[in-house]
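This is what each chain is made of:
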Amino acid sequence: MNESPRPRRDAGVRAETLPDGSAMLYDSRSGMAYALTASAAQVWASCDGTRTLDAIARQLMDIYDAPAGIVQNDIAALLADLQARGLVEWDGGVAA
């Protein structure tokens with residue numbers, strides 16, 4: 001069975017949401033901190049291992065009234081960057 005991959009936040013990363021909706025991520029292993037825009041913070045919050053990239057994109061398309069292709073590409077790029085930094089892992093398959 002081929003499941004769609006679902007991004008999941010790494011347990012070693014702590015997030016602090018700021019008043020404007022943006023967030024700071026703190027990686028306890030590396031000691032690094034990363035700033036996220038408000039829309040990226042919404043993606044981060046959705047990375048709970050239950051939602052696919054398509055489900056996360058649909059959620060953001062509703063919020064921002066943006067074209068599907070642009071939203072999906074932006075989310076894929078963000079998740080690839082977070083994965084490369086060890087902040088996100090994929091459940092249920094391999095990310096594209």
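In what follows, the structure referred to is the one given above.
Below is a short write-up of the structure. (Residues numbered from 1 in each chain as written. Predicted model: local features only at pLDDT ≥ 70, side-chain atom pairs only at ≥ 80, totals over all residues. Heavy atoms only, no water.)

Moving on, we get to the overall build of the chain. Per the secondary structure count, the chain includes 3 helices and 5 strands. Secondary structure of the chain in N-to-C order comes out as β-β-β-β-α-α-α-β. Its C-alpha atoms give the chain principal-axis dimensions of about 35 × 35 × 20 Å. Within the span of the chain, comprising 96 residues, buried residues form 32% of the whole. For the chain, restricting intrachain contacts to residue pairs at least 6 apart in sequence, the fraction spanning at least 24 positions comes to 50%. As displayed, the chain has an accessible area near 5,600 Å², and 52% of this comes from carbon and sulfur atoms. With 8 positive and 13 negative side-chain charges, the chain shows a separation of 5 Å between the mean positions of the two kinds. (Helix = DSSP H or I, 4+ residues; strand = E, 2+ residues; numbered from the N terminus. Buried < 20%, exposed > 50% of the residue type's maximum accessible area, 1.4 Å probe, protein only. Contact = heavy atoms within 4.5 Å. Areas by Shrake-Rupley, 256 points an atom, 1.4 Å probe, with all protein chains shown as cover. Lys, Arg positive; Asp, Glu negative; His and termini not counted. Charge placed at Lys NZ, Arg CZ, Asp CG, Glu CD.)

Any two side chains of opposite charge can pair, on the condition that their charged atoms come close. The final tally for this structure, using the stated rule, is 6 salt bridges. Close ionic contact of Glu89 with Arg8 constitutes a salt bridge, the shortest N to O distance being 2.8 Å. Here the residue Glu89 occupies a position in strand 5 (residues 88-91), and Arg8 occupies one in strand 1 (residues 6-9), the gap between them amounting to 81 residues. A relative accessible area of 29% means that Arg8 is categorised as partly exposed. In this structure, Asp10 engages Arg29 in a salt bridge whose closest nitrogen and oxygen atoms are separated by 3.0 Å. In this pair, Asp10 sits in the loop between strand 1 and strand 2 (13-17) while Arg29 sits in the loop between strand 3 (23-27) and strand 4 (33-36), placing the two residues 19 residues apart along the sequence. (Salt bridge = Lys/Arg side-chain N within 4 Å of Asp/Glu carboxyl O.)

If you check helix 3 (residues 68-84), its first and last C-alpha atoms are 24 Å apart, about what 17 residues at 1.5 Å a residue would give, namely 24 Å. All of the buried residues in helix 3 are Val71, Ile75, Leu78, Leu79 and Leu82. One side of helix 3 carries all its buried residues, which in axial view fall inside an arc of 95 degrees. In helix 3, those exposed residues whose orientation departs by more than 90 degrees from the buried face are Asn73 and Ala84. Contact partners of the buried residues in helix 3: strand 1, strand 3, strand 4, helix 1 (38-46), helix 2 (53-64) and strand 5. Gly86 sits one or two positions beyond helix 3 and adopts a positive phi of about 80 degrees. (Expected span 1.5 Å × (residues − 1). Arc of directions from axis to C-beta.)

Counting 23 residues, the largest nonpolar core has Leu25, Leu36, Val43, Trp44, Ile75, Leu79 and Leu82 as its most contacted members. Those elements that place two or more of their residues in this core are strand 3, strand 4, helix 1, helix 2, helix 3 and strand 5. (Core = buried A, V, L, I, M, F, W, Y, C linked by side-chain atoms within 4.5 Å.)

Shape is all these values report; function is a separate question.
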